[in-house]
Structures are given as structure tokens and as C-alpha cells.
Amino acid sequence: MALSGGSTPRELYQMLAQESAREIPWERLEVFFGDERAVPPEHPESNYRLALETLLARVPIGPDRVHRMRAEDADLSRAALEYERRIRERVPPGPGGLPSFDLVWLGVGTDGHTASLFPGSAALREEHRLVAEAVEPTRGGRRLTFTLPLINAARRVQFLVVGAQKADIVKEILGRSGPSGEELPAARVSPVAGEVEWLLDRAAAAGIQDPGLIAKP
Ligand code: 6PG
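This section reports on the structure supplied with the text. (Residues numbered from 1 in each chain as written. Predicted model: local features only at pLDDT ≥ 70, side-chain atom pairs only at ≥ 80, totals over all residues. Heavy atoms only, no water.)

### Some words on the pairing of strand β6 (residues 142–146)
Within a regular beta strand, the side chains point alternately toward one face of the sheet and then the other, so they alternate between its two faces. Counting buried positions over the five residues of β6 gives four, a clear majority of the element. With three bridges joining them, strand β3 (residues 35–37) and β6 adopt antiparallel strand pairing. Among the inter-strand pairings, aspartate 35 is bridged to a residue of β6, identified as threonine 145. Pairing of strand β5 (residues 131–135) with β6 involves five bridges; the strand directions are antiparallel. Residue pairing for β6: valine 135 is matched across the bridge by arginine 142. Hairpin connection of β5 to β6: six residues between the antiparallel strands, including glycine 140 at a positive phi of 75 degrees. (Buried < 20%, exposed > 50% of the residue type's maximum accessible area, 1.4 Å probe, protein only. Helix = DSSP H or I, 4+ residues; strand = E, 2+ residues; numbered from the N terminus. Pairing = 2+ DSSP bridges.)

### Concerning the packing of aromatic side chains
One pass over the structure, following the stated rule, counts six aromatic pairs. For the pair phenylalanine 101 and phenylalanine 146, a centre-to-centre distance of 5.3 Å together with 35 degrees between the ring planes defines the contact as tilted. With a gap of 45 residues between them, phenylalanine 101 in the loop between α3 (76–90) and β4 (104–106) and phenylalanine 146 in strand β6 connect regions that are remote in the sequence. Residue classification places phenylalanine 146 among the buried positions, given a relative accessible area of 1%. An aromatic cluster is defined as three or more aromatic residues linked by ring pairs; in this entry it consists of Phe32, Tyr83, Phe101 and Phe146. Between arginine 68 and the ring centre of tyrosine 48, over which it is positioned, the NZ or CZ distance is 5.8 Å. (Phe/Tyr/Trp six-rings, centres within 6.5 Å; stacked < 30°, edge-to-face > 60°. Lys NZ or Arg CZ within 6 Å of the ring centre and 35° of its normal.)

### Quick notes on the sheet that holds β5
Across the sheet, which stays open at both edges, the three strands sit in the order β3-β6-β5 with antiparallel pairing between neighbours. Here the strands that pair on one side only, and so sit at the sheet edges, are β3 and β5. Here the strands of the sheet are splayed against their neighbours by 20 degrees on average, with no regard to which way each runs. In this fold α3 packs onto β5 and β6, with an angle of close to 20 degrees to the strand it touches most, β6. (Axes fitted to C-alpha atoms, helices over the stretch in contact; angles between N-to-C directions. Contact = heavy atoms within 4.5 Å.)

### What to know about the pattern of salt bridges
For the structure on display, the rule yields twelve salt bridges. A salt bridge links arginine 68 to glutamate 72; the nearest nitrogen and oxygen atoms lie 2.8 Å apart. According to the relative accessible area criterion, glutamate 72 is partly exposed, its value standing at 29%. One salt bridge connects arginine 70 with glutamate 72, and the closest N-O pair in it is separated by 4.0 Å. Residue classification places arginine 70 among the partly exposed positions, given a relative accessible area of 44%. Salt bridges sharing partners connect three or more residues here, namely Glu30, Arg65 and Arg90. (Salt bridge = Lys/Arg side-chain N within 4 Å of Asp/Glu carboxyl O.)

### Examining the site of the ligand
Around the ligand, 15 residues are found, and the nearest of them are Ser7, Thr8, Arg37, Ala115 and Lys166. The separation between an oxygen atom of the ligand and a polar side-chain atom of histidine 113 is 2.7 Å. Between the ligand and lysine 166, the relevant distance is 2.7 Å, taken from an oxygen atom to a side-chain nitrogen or oxygen of the residue. Protein coverage of the free-state accessible area of the ligand, which is 410 Å², stands at 87%. (Near = heavy atom within 4 Å. Polar contact = N/O pair within 3.5 Å; in protein donor to acceptor, adjacent residues only side chain to side chain. Areas by Shrake-Rupley, 256 points an atom, 1.4 Å probe, with all protein chains shown as cover.)

### Here we look at helix α1 (residues 9–19)
Those residues of α1 lying buried are Pro9, Tyr13, Leu16 and Ala17. The arc enclosing the buried residues of α1, seen along the axis, measures out at 95 degrees, which places them on a common side. Those residues of α1 that are exposed and angled more than 90 degrees off the buried face are Glu11, Gln18 and Glu19. In this structure, the buried side of α1 is in contact with β1 (2–3), α2 (47–54), β4 and β7 (156–161). (Arc of directions from axis to C-beta.)

### Concerning the environment of histidine 113
Examined against the element boundaries, histidine 113 turns out to sit in the loop between β4 and α4 (122–125). For the pair histidine 113 and alanine 186, spaced 73 residues apart in the sequence, the C-alpha separation amounts to 5.7 Å. Apart from the residues lying within four places of it in its own chain, the contact partners of histidine 113 are Gly107, Val108, Phe118, Pro119 and Pro185. A distance of 2.6 Å separates a polar atom in the side chain of histidine 113 from a polar atom in the side chain of aspartate 111.

Below, the structure is given as C-alpha cells:
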């Protein structure tokens with residue numbers, strides 16, 4: 001599986017570490033990261049650090065099964081290629097021949113970005129590489145990120161979205177009919193041979209009127 005970055009997953013990771021640690025076959029999991037900031041692993045903004053502190057250090061998963069993105073590497077293109085190689089080694093191919101994650105967790109930004117695929121970016125347009133360099137547009141932070149080909153090769157993608165500040169973008173993405181343009185990266189997540197689910201709290205789902213879209217309260 002691939003863990004999401006950002007702050008939303010914090011509570012989920014804490015809950016997983018406490019309540020369901022015994023139910024999950026941690027010894028059989030391979031944990032990857034959908035994106036990472038160009039900071040050392042101990043940095044407060046590191047997605048790895050968040051997952052390690054709240055979950056991975058608290059469950060019986062071997063360190064050789066936790067695959068950190070080395071986004072602090074000065075040579076980000078080399079780090080991207082190394083991570084892609086690791087994914088190809090450890091994640092079996094799906095029907096389309098690309099490594100197919102059993103589960104990818106993603107968040108969404110208020111601009112519709114997901115992982116570190118930002119609107120109008122080169123990483124969003126990447127059609128061949130599985131892991132790409134990216135730049136966070138407001139502060140210019142460098143990133144590594146899964147690309148759409150890799151995300152859309154997954155068997156299951158789940159967006160984890162909470163809070164009223166996300167209601168408009170959730171409505172914009174889920175309320176659209178037909179394919180979305182470049183401007184909404186999260187709307188372009190559409191697994192070729194898999195499922196995509198949106199796990200929303202009531203505040204984030206406030207703009208969704210279509211009862212068919214609300215599978216479970
Ligand atoms: C990151 C994430 C990013 C995040 C969204 C939502 O590294 O920041 O990959 O895509 O999921 O920006 O972030 P919040 O959960 O903090 O709202």
C-alpha cells in the first residue's frame with residue numbers, strides 16, 4: 001500500500017496503530033509513500049516522519065518493508081528513478097503491466113491537487129515515469145510524487161478528506177460530469193482496472209447532494 005501525505009491521515013494512522021493493529025497482517029505489508037517533501041526524514045514537514053511517529057513505529061512491520069522516498073537527495077531525478085525501481089521490484093504488475101498497488105491513500109488540496117500532482121504541472125502530464133519530481137506552487141518546495149500512470153494502475157484508491165474547507169473542491173470534483181480537464185488532478189484519478197472511493201466526513205461532504213454518491217453515512 002501507499003500512504004498519503006499531508007495532515008489529514010494523522011488521526012487515521014493513530015487509530016490504526018491502536019485499534020486495528022492486531023487485525024492487519026503488518027508482517028505481509030509493503031508500505032510506500034505517494035509523495036514526499038524535499039526535507040530530511042526528521043523534519044516536521046516530512047510525510048515519512050508523520051507516518052513513522054503515528055503508525056509505523058507502533059505496529060509490527062519490519063523496517064525493510066517501509067520504503068521511504070529519499071526526497072532530501074540533492075539529485076531528485078536519481079531519487080525518483082531509485083524509488084520507481086524499488087516499486088517495480090516489490091509491487092506485482094496489474095493487467096496493464098504496471099506495478100499495481102493493492103491500496104493507495106490520497107488526500108486532496110483545495111486547488112484539486114493530489115499527492116504532489118499540482119494543476120498544470122509537468123508531473124501531472126507525466127505519462128511514462130512512475131515517480132516524478134514536482135514543485136509545490138505556492139512556496140516552491142520541491143517534491144517527489146507518484147504519477148497518474150502509477151496511481152491509476154492501483155486496484156483501489158481511497159481519498160481521505162475531512163473538514164469544511166474541502167467541501168467546495170469535493171463538490172467540484174465529485175459533482176462534475178464527464179472527464180475533468182488538467183486543472184483538477186484529483187479528478188483524473190480513475191484506476192484503469194480498479195476502484196476509487198472517497199472517504200469524507202460530513203463537513204467535507206456538505207456539497208454533495210446526490211444520495212447515490214453517499215455509500216455509507
Ligand atoms: C502532501 C500530500 C498532499 C495532501 C493534500 C491535503 O504531501 O501534502 O500529499 O496531496 O494530501 O495537500 O493535505 P491536508 O491533509 O494537510 O489537508
